[in-house]
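Spelled out from the first residue to the last, the chains are:
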Amino acid sequence: MSIANRSKLLEEIPLSVLDLASIVEGGTAHDSFKNTANLAIHAEKLGFNRYWLAEHHNMPGIGSSATSVLIGHVAQVTESMRVGSGGIMLPNHAPLVIAEQFGTLESLYPNRIDLGLGRAPGTDQRTAFALRKGQGSDGQDFPEQLEELTNYFSPEESDPKVRAIPGEGLSIPIWLLGSSGFSARLAAEKGLPFAFASHFSPENTIPALELYYNNFQPSDVLAEPYSMVVANVIAADTEKEAQRLATSMQIQFLNIIRNTPNLLQAPVDDMDEIWSDYEKSVLEKQFGSAMVGTPSIIQEKLQDFQNKTGASEIMINSQIFDHEARLRSFEIVSEVSIKK
């Protein structure tokens, strides 16, 4: 099925939340985790489908490094919304450890846990080496790691001498995550759902999705492709306020480009006082697909995004400094997109 034939009305598809547990300037990780719990409760009431947390390391402004722990934190304060990883960077871990962690989560919160997997380190090379010390994995053996992990959940395939307990015999949805074609092709071959990181790799979005759709092989998990695409969305009641709120995200990525990662900064009135013309052009190319604006603008852009990607589900990433403004942003998204 072509992308054009996958177009749907926005209210016909689920919307979900991606959270990096941002640590803001003047705040602490403790504050971040309180805000994460509060946003999750809020998102569940608004009708969002799932709430995922992303694994990153050695980044002062991102608190979700112990991803499995935070998933439990969110699942504890919510009731029915699915909670999971967007994602666990599998080469950073022994597959058995992830099988046990997610087996524990699924046992605590049955039928609510998602296991999204990526093959990037989620950090710089030096930190990746520290994380993967002794494992020797550079992500190239990701398909083999995926098979090992999957086997731990399957009693028929697992090694009887090495078992994931809890984990064995549990049905935990596995997603593959990507920002290029590698995981798209693997997800298609395995018949697994696929989540694409369009929020930081917009230029690769359509090629990767076409690769997934065109090569999909039906499996016991899925009869047809299921794609979720992540988008940066900053919504506010006025255009001026939305553009101002978005500067925190722009500064965050500017610091990454400059190799000076920092806490999530307060918004500013004029980015031209901060970035150079070259830096502005780089950011506009990479994050020009961000949806920033008033309710009507957000509705139009989200619908256009679904039409262009054929996404079965859209996941919203909103890096906003002020917690109340972030809550309001998700309210606006739900008001214009989620069928009540």
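Reading the values: the criteria
Residues numbered from 1 in each chain as written. Predicted model: local features only at pLDDT ≥ 70, side-chain atom pairs only at ≥ 80, totals over all residues. Heavy atoms only, no water. Helix = DSSP H or I, 4+ residues; strand = E, 2+ residues; numbered from the N terminus. Buried < 20%, exposed > 50% of the residue type's maximum accessible area, 1.4 Å probe, protein only. Contact = heavy atoms within 4.5 Å. Areas by Shrake-Rupley, 256 points an atom, 1.4 Å probe, with all protein chains shown as cover. Pairing = 2+ DSSP bridges. Right-handed = clockwise from strand over helix to strand, strands pointing away. Core = buried A, V, L, I, M, F, W, Y, C linked by side-chain atoms within 4.5 Å. Salt bridge = Lys/Arg side-chain N within 4 Å of Asp/Glu carboxyl O. Polar contact = N/O pair within 3.5 Å; in protein donor to acceptor, adjacent residues only side chain to side chain.

Caption draft 1: Structural view of the overall build of the protein. In terms of regular secondary structure, the protein is built from eleven helices and nine strands. The dimensions of the protein, computed from C-alpha atoms along their principal axes, are 60 × 45 × 40 Å. The burial tally for the protein puts 54% of its 340 residues in the buried class. Of the contacts formed within the protein by residues at least 6 apart in sequence, a portion of 73% connects residues at least 24 apart. Of the roughly 15200 Å² of accessible surface on the protein, a fraction of 51% belongs to carbon and sulfur atoms.

Caption draft 2: Quick look at the pairing of strand 3 (residues 82-89). Where burial is concerned, most of strand 3 is hidden: eight out of the eight residues are buried. Where strand 2 (residues 50-53) lies against strand 3, four bridges are found, and the strand directions are parallel. The residue bridging L53 from the neighbouring strand is S85, located in strand 3. One ladder, built from five bridges, connects strand 3 with strand 4 (residues 113-118); its direction is parallel. Looking at strand 4, one finds that V83 is bridged to I113. With respect to chirality, the unit in which strand 3 leads through helix 3 (residues 95-108) into the neighbouring parallel strand 4 is right-handed.

Caption draft 3: Seen up close, helix 2 (residues 67-77). Listed in full, the buried residues belonging to helix 2 are T67, S68, L70, I71, G72, V74 and A75. Buried residues belonging to helix 2 abut helix 1 (29-46), strand 2, strand 3, helix 3 and strand 4.

Caption draft 4: Here's a closer look at the environment of N38. Within the secondary structure layout, N38 lies in helix 1. Separated by 39 residues in sequence, N38 and V77 place their C-alpha atoms 8.5 Å apart. In this structure N38 touches H323 and L327, once residues within four positions along its chain are discounted.

Caption draft 5: A look at helix 6 (residues 181-190). Residues S183, A184, L186, A187 and A188 constitute the buried set of helix 6. Tucked into the core, helix 6 has its buried residues touching helix 5 (142-153), strand 5 (174-178), strand 6 (194-196) and helix 7 (205-215). Just beyond helix 6, the residue with positive phi is G191, at close to 70°.

Caption draft 6: Quick peek at the nonpolar core. F48, L115, L117 and L302 are the most contacted members of the largest nonpolar core, which totals 69 residues. Excluding residues that lie within four positions of it along the chain, F48 makes contacts with L15, S16, V17, A43, M81, I316, F330, V333, S334 and I338. Of all hydrophobic cores here, the second largest spans 17 residues; its members include A236, F253, L254 and V292.

Caption draft 7: Representation of the pattern of salt bridges. In total, this model carries twelve salt bridges according to the counting rule given. Here D114 and R50 are joined by a salt bridge, their closest N and O atoms 2.6 Å apart. With a gap of 64 residues between them, D114 in strand 4 and R50 in strand 2 connect regions that are remote in the sequence. No difference in accessibility class separates D114 from R50, as the two residues are buried. Here the salt bridges share partners, and the residues they tie into one network are R50, R82, D114 and E313.

Caption draft 8: Main features of the pairing of strand 2. Residues of strand 2 alternate between two faces, with R50 and W52 on one and Y51 and L53 on the opposite face, all of them buried. Sheet analysis places strand 1 (residues 15-19) next to strand 2, joined by three bridges and oriented parallel. Residue pairing in the sheet places D19 in a bridge with L53 of strand 2. Each parallel crossover has a hand, and for strand 1 linked through helix 1 to strand 2 it is right-handed. The β-α-β motif built from strand 2, the intervening helix 2 and the parallel element strand 3 has right-handed crossover chirality.

Caption draft 9: Representation of the side chain of S85. You can see S85 is positioned in strand 3. What makes S85 buried here is its relative accessible area of 0%. A distance of 2.9 Å separates a polar side-chain atom of S85 from the backbone nitrogen of G116.

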